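# Working through the structure, step by step
Spelled out, the chains give:
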Amino acid sequence: DNEIKKIKAEYVRSFLFENKLMPSTWIVIRIDGCHFHRFSEVHEFEKPNDRQALNLMNSCAVAVLEEFKDIVFSYGVSDEYSFVLSKDSKCYQRQASQIVSVIVSFFSSAYVMKWKDFFPFKELKYPPSFDGRAVCYPSTEILQDYLAWRQVDCHINNQYNTCFWMLVKSGKSKSEAQSYLKGTQTREKNELLIRQFNIDYNTLPIMFLRGSSVFRIKGEDSVMPEDGTFEEVKQEIILSHSNIIEDSFWKEHPSILC
Ligand code: ATP
Ligand code: ATP
Ligand code: MG
Ligand code: MG
Ligand code: MG
């Protein structure tokens, strides 16, 4: 009787599949808001960049780093965030589905809990959700290329969106603005902004241009607070808007990916 139960349990368990991420590789969990095109409209985000919405995303990322000590670096833009777990992380025995689900659900509930801190006069109309995926990067160089790719993407999208919304705000319809920008190069977009709107693209807020990085400072490059209070200890988690495409960032912070 007990034997039968045991056999049945084993049989049911045999359908479980392993989804362990390769050992000794950087794990990146990228989360992305589901249908945030709509979410940002319903909640009347400022276009193209709602500063408070970005601050809320960054605050959730800080909370994620406080909760999951194996995360060494993260980079966010728009409705997405990439979290990097250290190469030798043993988090959930490196099971992809568990790591992804726990980070994505923690981030989503932090987003809801913190909403009123960033939008005190805006009601949250429905529960936002995020999707998540895990990818392994076998070398530090490839990981840095991944992060650079996200920041390049931030730049390309931001430049397009800045032009698009300036055209729309100046009276063009969305489809007119779209066809107006079709096929234009970076230089042409910068010229358009200067010529028509007197905007020097490079003087836009640095958070819009570069996105946000949240990371831990450990070892030599950490600054110990004099009075060592609890609040100050938390400040080992840093928010910055650095250029992470250039090598110099990684040279200045050698302890992040060591
Ligand atoms: P999917 O579910 O496939 O991710 P999506 O609608 O979320 O669809 P994304 O490609 O992820 O599409 O783009 C996110 C969209 O959310 C942007 O295009 C933008 O319209 C909006 N958005 C996100 N963050 C902000 C912000 N801080 N300010 C203004 N708009 C934002
Ligand atoms: P893990 O993170 O590994 O899942 P856990 O603490 O969530 O750890 P579970 O095996 O999932 O452990 O068990 C959930 C526990 O949550 C139960 O042991 C019980 O103590 C508590 N719990 C969950 N739902 C209820 C409930 N409705 N009433 C009282 N206790 C509950
Ligand atoms: Mg998506
Ligand atoms: Mg999205
Ligand atoms: Mg997105």
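The coordinates are above.
This report concerns the structure included in the present document. Computed from a prediction, not measured in an experiment: that's the story for all the values here.

Cut-offs used in this document
- Residues numbered from 1 in each chain as written.
- Chains lettered and ligands numbered in written order.
- Predicted model: local features only at pLDDT ≥ 70, side-chain atom pairs only at ≥ 80, totals over all residues.
- Heavy atoms only, no water.
- Disulfide = S-S within 2.5 Å.
- Near = heavy atom within 4 Å.
- Polar contact = N/O pair within 3.5 Å; in protein donor to acceptor, adjacent residues only side chain to side chain.
- Areas by Shrake-Rupley, 256 points an atom, 1.4 Å probe, with all protein chains shown as cover.
- Pairing = 2+ DSSP bridges.
- Helix = DSSP H or I, 4+ residues; strand = E, 2+ residues; numbered from the N terminus.
- Axes fitted to C-alpha atoms, helices over the stretch in contact; angles between N-to-C directions.
- Contact = heavy atoms within 4.5 Å.
- Donors = N, O, S within 2.8 Å, 3.2 Å for Na, K, Ca; no water.
- Tetrahedral: all angles 85-135°; square planar, octahedral: opposite > 155°, others 65-115°.
- Buried < 20%, exposed > 50% of the residue type's maximum accessible area, 1.4 Å probe, protein only.
- Expected span 1.5 Å × (residues − 1).
- Bend = angle between axes of the 7 residues up to and from the residue.

## Some details on the state of the cysteines
A disulfide bridge is the covalent bond that connects two cysteines by way of their sulfur atoms. Summed over all chains, the structure comprises zero disulfides. Here C136 is not cross-linked by a disulfide; its sulfur's nearest cysteine counterpart is in C91, at 13 Å. The closest cysteine sulfur to the non-disulfide-bonded C258 is located on C91, 18 Å from its own sulfur.

## Remarks on the site of ligand 1
Around ligand 1 sit 17 residues, and of these D32, H35, F36, H37 and K47 come closest. A distance of 2.7 Å is found between an oxygen atom of ligand 1 and a side-chain nitrogen or oxygen belonging to D32. Interatomic distance of 2.7 Å between a backbone N/O atom of F36 and an oxygen atom of ligand 1. Compared with its free state, where it exposes 630 Å², ligand 1 has 69% of that area covered by protein.

## A short note on the sheet that holds strand β4 (residues 130-137)
Spatial strand order, β4-β1-β3-β2-β5-β6: six strands in an open sheet with antiparallel pairing. One side of each edge strand has no neighbouring strand; the edge strands of this open sheet are β4 and β6 (237-240). Across the sheet, the axes of successive neighbouring strands diverge by a mean angle of 15 degrees, strand direction being ignored. Here six bridges tie strand β2 (residues 71-77) to strand β3 (residues 80-85), and the two strands are oriented antiparallel to one another. What sits directly across from G76, in β3, is Y81. On top of the sheet, helix α4 (residues 96-118) reaches β1 (26-33), β2, β3 and β4; it is set at about 140 degrees to β4, its chief contact. Along the sheet, helix α5 (residues 140-169) contacts β1, β2, β3 and β4; its crossing angle with β1, the most-contacted strand, is approximately 20 degrees.

## Some points on the coordination of the magnesium ion (ligand 4)
Here the magnesium ion (ligand 4) is held by the protein donor atoms D32 (OD), G33 (O) and D79 (OD), which lie 2.0 to 2.2 Å from it. Because the angles between the six donor atoms bound to the magnesium ion (ligand 4) fall within 81 to 178 degrees, the donor set is best described as octahedral. Between consecutive donors of the magnesium ion (ligand 4), the numbers of intervening residues give the motif D-G-x45-D. For D32, a relative accessible area of 22% translates into the label partly exposed. Taking relative accessible area as the criterion, G33 reaches 5% and is therefore assigned buried.

## With respect to α4
Compared with an ideal rise of 1.5 Å per residue, which puts 23 residues at 33 Å, α4 spans 32 Å between its outermost C-alpha atoms and is within 8% of the ideal. At V112, α4 shows its strongest bend, of approximately 35 degrees. For α4, the elements touching its buried residues are β1, α2 (36-42), α3 (51-67), β2, β3 and β4.

## Brief notes about unusual backbone geometry
With omega at 0 degrees, the peptide bond leading from K47 into P48 counts as cis. Position of P48 relative to the elements: it lies in the loop between α2 and α3. Even without a glycine there, the phi angle at S24 is positive, about 55 degrees. Looking at the element boundaries, S24 is found in the loop between α1 (2-13) and β1.

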